[in-house]
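Close look at the chain arrangement
As a plain string of letters, each chain reads:
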Amino acid sequence: KAGVTQTPRYLIKTRGQQVTLSCSPISGHRSVSWYQQTPGQGLQFLFEYFSETQRNKGNFPGRFSGRQFSNSRSEMNVSTLELGDSALYLCASSLGQINEQFFGPGTRLTVL
Amino acid sequence: GEDVEQSLFLSVREGDSSVINCTYTDSSSTYLYWYKQEPGAGLQLLTYIFSNMDMKQDQRLTVLLNKKDKHLSLRIADTQTGDSAIYFCAESMDSSASKIIFGSGTRLSIRP
């Protein structure tokens, strides 16, 4: 069974631009969660989508948004990029239970 | 608020046992987890424990939970070079695999 895939793996943007990251969950998984990982703040929960609906949201500004499609693929968008948005963005998919959760390799975003 | 704390580094000799400690503040945490992150990779769920359990063993891994002191530990028996990684302690309120609160991670290094 294919794992969680994230595209692109690496991305370089400049301040003020916007970016869209993609996550394809494991086939059959309906829950997709997004996390931001930085050296300073560690791993922080962004949001979770389940069956195309946002089910949980972390404490991030409105510049961070996401959506989920009917095939469970998810995208997250960051508008008006700031230097502090440079991070590894991880997504995780699951059937809905923790013991079925799998993480993707992440997208490393660098904002210059 | 929710907070999970871990020491940043641990160095052990190959073949010895490693013990990684974690404290959490949210007494309503129901599920506590240990994740492993190898360089350049996403997160891998190693094991988890329900808050009504004191101990869980899975091959070389032993998780101990002291709910009174809000202290969680992960013991890795017979530590091998392949165990070199960052280990994250995490908590959540339910088993839905969403909105997981992570600690800062403990970098485990193995010396010969």
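Everything below is about the structure shown above.
Small disclaimer: the values here were computed from a predicted structure and weren't measured.

Cut-off values and rules
Residues numbered from 1 in each chain as written. Chains lettered and ligands numbered in written order. Predicted model: local features only at pLDDT ≥ 70, side-chain atom pairs only at ≥ 80, totals over all residues. Heavy atoms only, no water. Core = buried A, V, L, I, M, F, W, Y, C linked by side-chain atoms within 4.5 Å. Buried < 20%, exposed > 50% of the residue type's maximum accessible area, 1.4 Å probe, protein only. Helix = DSSP H or I, 4+ residues; strand = E, 2+ residues; numbered from the N terminus. Contact = heavy atoms within 4.5 Å. Buried area = accessible area lost by both parts, 1.4 Å probe. Salt bridge = Lys/Arg side-chain N within 4 Å of Asp/Glu carboxyl O. Nonpolar A, V, L, I, M, F, W, Y, C, P; charged D, E, K, R; others polar. Pairing = 2+ DSSP bridges. Axes fitted to C-alpha atoms, helices over the stretch in contact; angles between N-to-C directions. Polar contact = N/O pair within 3.5 Å; in protein donor to acceptor, adjacent residues only side chain to side chain.

**Quick look at the nonpolar core**
Among the nonpolar cores identified, the biggest contains 21 residues, and Trp34, Leu46, Phe64, Met76 and Tyr89 of chain A are the most heavily contacted of them. Where this core is concerned, the elements lending two or more residues are β3 (19-24), β4 (31-38), β5 (42-50), β8 (74-78), β9 (87-94) and β11 (107-111) of chain A. With near-sequence residues (within four places) excluded, Leu46 of chain A lies in contact with Trp34, Tyr35, Gln36, Lys57, Gly58, Phe60, Phe64, Met76 and Tyr89 of chain A. Within the second largest apolar cluster, 20 residues are counted, among which are Val4, Cys22, Leu32 and Leu108 of chain B.

**Describing unusual backbone geometry**
Note on backbone geometry: most residues besides glycine have negative phi, and most peptide bonds are trans. Here the residue pair Thr7 of chain A and Pro8 of chain A is connected by a cis peptide bond, since its omega of -10° sits within 30 degrees of zero. Examined against the element boundaries, Pro8 of chain A turns out to sit in the loop between β1 (5-7) and β2 (10-13). Although it is not a glycine, Ser51 of chain A sits at a positive phi angle of roughly 50°. Looking at the element boundaries, Ser51 of chain A is found in the loop between β5 and β6 (53-57). With phi around 55°, Lys70 of chain B is a residue other than glycine that occupies positive phi space. By the element assignment, Lys70 of chain B lies in the loop between β7 (61-66) and β8 (71-76).

**With respect to the interface of chain B and chain A**
Of the residues lining the interface, 17 residues belong to chain B; the matching set on chain A comes to 21 residues. Across the chain B to chain A interface the summed buried area is about 1600 Å²; carbon plus sulfur atoms make up 56%. Linking chain B to chain A there are zero salt bridges. Class assignment of the residues belonging to the side of chain B that touches chain A gives a composition of 10 nonpolar, six polar and one charged.

**As for the sheet that holds β8 of chain B**
Two pairing modes exist for strands in a sheet, parallel and antiparallel, and in both the strands are linked by backbone hydrogen bonds. Residues and elements named next belong to chain B. With antiparallel pairing, the five strands of this open sheet are ordered in space as β1-β3-β8-β7-β6. Across the chains shown, the open sheet's two edge strands, defined by having one partner strand only, are β1 (4-6) and β6 (55-58). Strand after strand, the sheet turns through a mean of 15° between neighbouring axes, direction not considered. Pairing analysis gives three bridges linking β1 to strand β3 (residues 18-24), with the strands arranged antiparallel. In the strand pairing of β3, Val4 is matched with Tyr24.

**Notes on the sheet that holds strand β7 (residues 64-68) of chain A**
All names here are of chain A. Within the open sheet, the four strands sit side by side as β1-β3-β8-β7. Their pairing is antiparallel. The outermost strands of the open sheet, each flanked by one partner alone, are β1 and β7. Neighbour to neighbour, the strand axes of the sheet diverge by 20° on average, direction disregarded. The sheet contact formed by β7 and β8 spans five bridges and is antiparallel. From the neighbouring strand, Gln68 faces β8, where its bridge partner is Ser74.

**Observations concerning the environment of Glu48 of chain A**
All names here are of chain A. With respect to the helices and strands, Glu48 occurs in strand β5. As for Glu48 and Gln68, which are separated by 20 residues in sequence, their C-alpha atoms are 9.4 Å apart. At a separation of 2.7 Å, a polar atom in the side chain of Glu48 contacts the side chain of Arg55.

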